[in-house]
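Chain and residue survey
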Amino acid sequence: MADYTKMWEELDIDIEKHDGLCEVLPMFYEDIYLSQDKRPENMNYYNFVISEVHGLRIKELQDSKKEDKKVVGSFCVFVPDEITLALDCVPVGICSGSQFWVPDGEKVMPRNTCPLIKASIGAKLSRTCPYFQSCDMVVGETTCDGKKKAWEILGDYMDVHVMDLPQMKREKDKLHWIDEMNIYKDVLEAKTGNKLNFENLKEKIELVNKKREVLKRLYNFRKCNPVPISGKDALLVSQIAFYDDIDRFIEQTNNLCDELEDRVKKNEGVFEKDTPRIMITGTPMSIPNWKIHHIVETSDAVVVCEETCTGTRYFENQVIENAENMDEQFENLASRYLGINCACFTPNEGRIEDILKYVDEYKVDAVIYNSLQFCSTYAIEYKSVEKALKAKGIPVIMIESDYSEEDTGQIKTRVEALVEMVKEKKGVIA
């Protein structure tokens, strides 16, 4: 990575503390990612993105700001990128996946708060995340009680707008979400001086749909046997999707998919054929939270699908493009976003239906239900998911963890037992 010290200083980064963060990530990444065999060559682009994670992309954000564009950060898949982009802003996903930021988050948050929230707040308070420092505004949402209160604390340090996500999916809730998107539009219009119009929004709806299409294309290759890409690499691609330049990301990911298509034709995989196939469901996995995937894929199994917000929930279902006016565009946006089956909704049968559908589509042998510690929203929903999977004869275990490495050995023991159970069921071992 080039020397970006001057840029970081201008962003008021705590350079000494930031250097400590930057020292850890390369070694961590090399051990988890660069040690893999048979990686697709086009994964080199994503290697480059990680190597410049706090460098080149941050410079691009600063260059955008010099062109009078606003950088808008978000924490959740419910914030509509289409509106952000249509008002000539740059949307970026905000850092929230590292144990490094948790201690600073705990200075203002209770310890029994989920690590994602503590890391998000800690990343800002520590002044070590250049994405936070680059944002003109961040957009929170009311997907859980912890987040709702965290935005109040974050508001003491930067401009925060909160979108009130309804907790049910009735018609009146859809109307409420349309109203919230209009309020978001008004806020961005006031901040940018731009005005949303039908043509701009139409163009960005189509663009974001293309991004979803390429991620769907990537995931479809994971249905193959043997699998042409590791679960770790697929997760990395979807994580990078949250903050990379959208046009470049679409192009590079299509290049990757072209390579995977060629691999499938040649019956080439990164794992042996009939390797036990694992699906992970549950809470989001933000960079650099790669722990569960790494454990699975060093335990003689492969992750073939993530029913998470950093997985299928991010790209499934397009925004319908048949609108003839902005009111219809907003209705189509609301329908698509409220179609995301997050555990924050009640009732939430749709998520169970999705999980069972993916079990069939991805030929899943077993499921790992991953829940961040203190995330009661997902932890409570485990029983319903477990019941549905057991009725279908699919083994499932729940792993409740944080971002630290302290429980890695214990988790690996449980994962290896799950993989052994799958092998016995398939008759691979006695």
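Residues numbered from 1 in each chain as written. Predicted model: local features only at pLDDT ≥ 70, side-chain atom pairs only at ≥ 80, totals over all residues. Heavy atoms only, no water.

Things to note about the overall build of the protein
Condition: Put simply, DSSP H or I for four residues or longer makes a helix, DSSP E for two residues or longer makes a strand, and each gets a number counted from the N terminus. Partly exposed residues are those whose accessible area sits between 20% and 50% of the maximum for their type, while under 20% is buried and over 50% is exposed, using a 1.4 Å probe and protein chains only. Two residues qualify as a contact provided that any one of their heavy atoms is within 4.5 Å of a heavy atom in the partner residue. With residues, only the protein chains shown are counted as cover, and all accessible areas are computed by Shrake-Rupley using a 1.4 Å probe.
Regarding its fold elements, the protein presents 19 helices and 8 strands. In terms of overall dimensions, the protein has a C-alpha envelope of 70 × 50 × 45 Å along the principal axes. Counting all 430 residues of the protein, 59% fall into the buried class. Across the protein, contacts joining residues at least 24 apart in sequence account for 76% of those joining residues at least 6 apart. Roughly 17,800 Å² of accessible area belongs to the protein as shown, and the carbon and sulfur atoms make up 49% of that amount.

Quick look at the pattern of salt bridges
Put simply, the rule is: Any Lys or Arg side-chain nitrogen located within 4 Å of an Asp or Glu carboxyl oxygen qualifies as a salt bridge.
Inspection of the entire model under this criterion finds 41 salt bridges. With a shortest N-O distance of 2.9 Å, Asp104 and Lys107 are connected by a salt bridge. The class of Asp104 is buried, set by a relative accessible area of 6%. In this structure, Glu331 and Lys174 form a salt bridge, with 3.5 Å as the shortest nitrogen-oxygen distance. One end of the pair, Glu331, is in helix α16 (residues 326–337); the other, Lys174, is in helix α10 (residues 171–192), with 157 residues separating them in the sequence.

Observations regarding the packing of helix α2 (residues 15–34) against helix α12 (residues 231–240)
Selection rule: All axes here are fitted lines through C-alpha atoms, helices being fitted over the stretch that makes contact, and every angle between N-to-C directions spans 0 to 180 degrees. Roughly parallel refers to an angle under 35 degrees, roughly antiparallel to one over 145, roughly perpendicular to one between 65 and 115, and oblique to any angle outside these ranges. Residues were grouped as follows: Ala, Val, Leu, Ile, Met, Phe, Trp, Tyr, Cys and Pro as nonpolar; Asp, Glu, Lys and Arg as charged; and all remaining residues, including Gly, as polar.
Orientation of α2 relative to α12, taken along the N-to-C sense of each, is 130 degrees, at an axis distance of 10 Å. Taken together, the axes of α2 and α12 are oblique relative to one another. Residues Tyr29, Ile32 and Tyr33 of α2 form the contact with α12, whose own contacting residues are Lys232, Asp233 and Leu236. In the contact of α2 with α12, the residues fall into 4 nonpolar, no polar and 2 charged.

Focus on the state of the cysteines
This is how it is decided: Disulfide: a pair of cysteine sulfur atoms within 2.5 Å of each other.
Tallying each qualifying case throughout the model produces 0 disulfides. With no disulfide of its own, Cys257 lies closest to Cys224 among cysteine sulfurs, the gap being 11 Å. Cysteine Cys305 shares no disulfide, and the gap to the nearest cysteine sulfur, in Cys309, comes to 13 Å.

Some points on the layout of surface pockets
Over the atoms, a rolling probe the size of a water molecule traces out where space has been left empty. Heads up, the rule is: A cavity, in this analysis, means grid points on a 1 Å lattice covering only the protein atoms where a 1.4 Å probe fits yet has no way out; a pocket is instead an open set bounded by protein on both sides within 12 Å along at least five of seven lines, and a residue lines either one if it has an atom within 4 Å of a point. Grid points are joined across faces, edges and corners, and a volume is the space filled by probe spheres set on the points.
In this structure, the second largest pocket occupies an estimated 400 Å³ of space. Among the secondary structure elements, those contributing two or more residues to the lining of the second largest pocket are α4 (56–66), α5 (81–86), β2 (90–93), α11 (198–221) and α13 (246–265). Split by residue class, the lining of the second largest pocket holds 9 nonpolar, 1 polar and 13 charged.

Quick notes on the side chain of Glu82
Formally: Between N or O atoms, a polar contact is any pair within 3.5 Å; within protein, one atom must be a potential hydrogen donor and the other a potential acceptor, and residues adjacent in sequence are included only when both atoms are from side chains.
Counting through the fold element by element, Glu82 comes out in helix α5. Here Arg212 takes part through its side chain, which lies 2.8 Å from a polar atom of the side chain of Glu82. Setting aside residues no more than four positions away along its own chain, Glu82 makes contact with Leu201, Lys204, Ile205, Val208, Arg212, Val319, Leu333 and Tyr337.

Quick word on the sheet that holds strand β7 (residues 366–372)
Formally: Pairs of strands are assigned from DSSP output, requiring at least two bridges between the strands.
Spatially, β6-β5-β7-β8 is the arrangement adopted by the 4 strands of the open sheet, whose pairing is parallel. On the outer flanks of this sheet lie β6 (302–307) and β8 (396–401), each paired with one strand and no other. Looking at each pair of strands side by side, their axes are set apart by 25 degrees on average, direction ignored. In terms of strand pairing, strand β5 (residues 277–282) meets β6 through 5 bridges, oriented parallel. Pairing of Thr281 across the sheet is with Glu307, part of β6. Sitting on the sheet, helix α17 (residues 349–361) touches β5, β6 and β7, and the angle it makes with β5 is about 165 degrees.

Focus on helix α7 (residues 115–125)
With 10 of its 11 residues buried, α7 lies for the most part within the structure. Listing the buried residues of α7 in full gives Pro115, Leu116, Ile117, Lys118, Ala119, Ser120, Ile121, Gly122, Ala123 and Lys124. The elements touched by buried residues of α7 are α6 (102–105), α8 (130–134), α9 (145–154) and β7. Positive backbone phi, approximately 55 degrees, marks Arg127, located one or two places after α7.

A closer look at the packing of aromatic side chains
How we decide: The criterion for an aromatic pair is that two Phe, Tyr or Trp rings (for Trp, the six-membered ring) have centres within 6.5 Å, with stacked assigned to planes under 30 degrees apart, edge-to-face to planes over 60 apart and tilted to the rest. Geometrically, a charge over a ring is one whose NZ (Lys) or CZ (Arg) sits within 6 Å of the ring centre while staying within 35 degrees of the ring normal.
By the definition in use, this model includes 14 aromatic pairs. Their ring planes at 75 degrees and their centres at 6.0 Å tell us that Tyr358 and Tyr362 sit as a pair that is edge-to-face. The class for Tyr362 is buried, based on a relative accessible area of 0%. Judged by centre distance (5.0 Å) and plane angle (75 degrees), the ring pair of Tyr369 and Tyr382 falls under edge-to-face. With a gap of 13 residues between them, Tyr369 in strand β7 and Tyr382 in helix α18 (residues 376–391) connect regions that are remote in the sequence. The two residues Tyr369 and Tyr382 agree in class, both being buried. Among the aromatic side chains, those forming a connected cluster through ring pairs are Phe28, Tyr29, Tyr33 and Trp290. Here the guanidinium or amino end of Arg222 rests over the ring plane of Tyr219, the centre of that ring lying 4.6 Å away. The aromatic ring of Tyr362 is capped on one face by Lys223, whose charged end is 5.2 Å from the ring centroid.

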